[in-house]
Amino acid sequence: AALPLVTMGTFSPLLVSERARADDATAGTASGWVTAWATLGSLLGSLLPAFVLLPLWGTSRTYLAAGAVLCVAALLLWPGRARRDRNLAVGAWGALVLGGLLSPLSLVPRRPGTLAEHESLHHHIAIVKRPAGHRVLLLNAGVGESSYWDPAERLFYGPWPLMAVTPALLDRPREAPHRVALVGLGGGTAARMLVRAYPRAQVHGVELDPGIVRMARRYLDLRHARIHVHVGDGRPWLARRPAASTDVVLV
């Protein structure tokens, strides 16, 4: 990452120098002009994607649009080019951008065994069937499995069994009516293990991303009378919940 960071660090001084030479202005005036436009760009770059582009287009198309805007700006400002050449270049980039925005584009390659994909406001979500027959929930680049479901209930691996044994640390672990709050429900792997291990357990799972909940209900069997799903941020949800209403909190 050193090369792109150093290159970005040299950009502002070069831009100030070019601006001062083009307008025959002082370095202070040119620096103020560059800083003002950089501030406006920072505000637009922070607010526009978060509140408009990501909800409207998703991550892939937002990245494409932002990169295209930078390319068009570079072509327009390229020194020594004829206006006709610049117009042709901008038109070509516009056609590419329009085609990209209208095409079913994804920055994440489709994996073997993929049953469904969805791009939510927070994640790229994929449900993949493994050769052993179980299904896994993969988020974004899919480096690690976020949840899994085995229809035959033969598999127990990963951190989820460790979470499921937590109520055993309480007094009278099997008889008590365990009330478990699970922050970060995901596809519900730990929740399913809890209700299976403790016949009287009531699990309240909180998940920030409604897209994950929809996919888990459809493909990971997140349907159980004793698993109560709440969509939202876990911290304010816990703050609103009386402390006496929960025996165990898992994060």
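Conventions used here
Residues numbered from 1 in each chain as written. Predicted model: local features only at pLDDT ≥ 70, side-chain atom pairs only at ≥ 80, totals over all residues. Heavy atoms only, no water. Helix = DSSP H or I, 4+ residues; strand = E, 2+ residues; numbered from the N terminus. Buried < 20%, exposed > 50% of the residue type's maximum accessible area, 1.4 Å probe, protein only. Contact = heavy atoms within 4.5 Å. Phe/Tyr/Trp six-rings, centres within 6.5 Å; stacked < 30°, edge-to-face > 60°. Pairing = 2+ DSSP bridges. Axes fitted to C-alpha atoms, helices over the stretch in contact; angles between N-to-C directions. Salt bridge = Lys/Arg side-chain N within 4 Å of Asp/Glu carboxyl O. Polar contact = N/O pair within 3.5 Å; in protein donor to acceptor, adjacent residues only side chain to side chain. Core = buried A, V, L, I, M, F, W, Y, C linked by side-chain atoms within 4.5 Å.

**Re the overall build of the protein**
Part 1 of the argument: A tally of helices and strands in the protein yields 8 helices and 8 strands.
Part 2 of the argument: Out of the 251 residues in the protein, the part that is buried amounts to 33%.
Part 3 of the argument: Taking as baseline every contact in the protein between residues at least 6 positions apart, the subset at least 24 positions apart corresponds to 51%.

**Details of the packing of aromatic side chains**
Part 1 of the argument: Across all of its chains, the model carries 4 aromatic pairs by this definition.
Part 2 of the argument: Note on Tyr-148 and Trp-160: the rings are 5.2 Å apart at their centroids and 70 degrees apart in plane angle, and the pair reads as edge-to-face. Of this pair, Tyr-148 sits in strand β4 (residues 145-149) while Trp-160 sits in helix α5 (residues 160-164), placing them 12 residues apart in sequence.
Part 3 of the argument: By relative accessible area, Tyr-148 is classed as buried at 3%.

**Let's talk about the sheet that holds strand β6 (residues 202-207)**
Part 1 of the argument: What the 4 strands build is an open sheet, ordered β7-β6-β5-β8; its pairing is parallel. For this open sheet the edge positions go to β7 (227-231) and β8 (248-250), each flanked by a neighbour on one side alone. Strand-to-strand twist of the sheet, defined as the mean angle between neighbouring strand axes without regard to direction, takes the value 20 degrees.
Part 2 of the argument: Pairing between β6 and β7: 5 bridges, direction parallel. Along β7, the bridge assignment pairs Gly-205 with Val-229.
Part 3 of the argument: Strands in contact with helix α7 (residues 210-219) are β6 and β7; relative to β7, the strand with the most contacts, it is inclined by about 150 degrees.

**Side note on the pattern of salt bridges**
Part 1 of the argument: The full count for this structure, using the stated rule, is 3 salt bridges.
Part 2 of the argument: For Asp-247, the salt bridge is made with Arg-179, and the minimal N-O distance between the two is 2.9 Å. Of the two residues, Asp-247 is situated in the loop between α8 (234-240) and β8 and Arg-179 in strand β5 (residues 179-183); the sequence distance between them amounts to 68 residues.
Part 3 of the argument: On the basis of relative accessible area, Asp-247 is assigned to the partly exposed category, the value being 32%.
Part 4 of the argument: Between Arg-223 and Asp-221 there is a salt bridge, with its nearest N and O atoms 3.1 Å apart.
Part 5 of the argument: Judged by its relative accessible area of 58%, Arg-223 falls in the exposed class.

**Describing the side chain of Thr-246**
Part 1 of the argument: Position of Thr-246 relative to the elements: it lies in the loop between α8 and β8.
Part 2 of the argument: Given a relative accessible area of 17%, Thr-246 falls into the buried group.
Part 3 of the argument: A polar contact is formed between the side chain of Thr-246 and the side chain of Arg-241, at a distance of 3.0 Å.
Part 4 of the argument: Ignoring sequence-local partners within four residues, the contact set of Thr-246 consists of Arg-179, Ala-181 and Arg-241.

**A closer look at the sheet that holds strand β2 (residues 124-129)**
The pairing of strands in a sheet happens through backbone hydrogen bonds and is either parallel or antiparallel.
Part 1 of the argument: Taken in spatial order, the 4 strands of this open sheet run β1-β2-β3-β4, and their pairing is antiparallel. Of all the strands in the sheet, the pair left with one neighbour each is β1 (114-119) and β4. Strand-to-strand twist of the sheet, defined as the mean angle between neighbouring strand axes without regard to direction, takes the value 15 degrees.
Part 2 of the argument: Bridge count for β2 against strand β3 (residues 135-139) is 5 bridges, and the pairing is antiparallel. From the neighbouring strand, Val-128 faces β3, where its bridge partner is Val-136.
Part 3 of the argument: Along the sheet, α7 contacts β1, β2, β3 and β4; its crossing angle with β1, the most-contacted strand, is approximately 160 degrees.

**Focus: the environment of Ala-27**
Part 1 of the argument: Along the chain, Ala-27 falls in helix α2 (residues 27-57).
Part 2 of the argument: For Ala-27, a relative accessible area of 54% puts it in the exposed group.
Part 3 of the argument: Here the alpha-carbon distance between Ala-27 and Ser-17, two residues 10 residues apart in the chain, equals 7.2 Å.

**Description of the nonpolar core**
Part 1 of the argument: Residues Leu-137, Leu-182, Leu-194, Val-203 and Leu-250 are the most contacted members of the largest nonpolar core, which totals 34 residues.
Part 2 of the argument: If you list the elements that add at least two residues to this core, you get β2, β3, β4, α5, β5, α6 (189-197), α7 and β8.
Part 3 of the argument: With 5 residues, the top contributor of residues to this core is α6.
Part 4 of the argument: The contacts of Leu-137, once residues within four sequence positions are left out, are Ile-125, Ala-126, Ile-127, Gly-144, Glu-145, Ser-146, Ser-147, Gly-186, Gly-187, Ile-212 and Leu-220.

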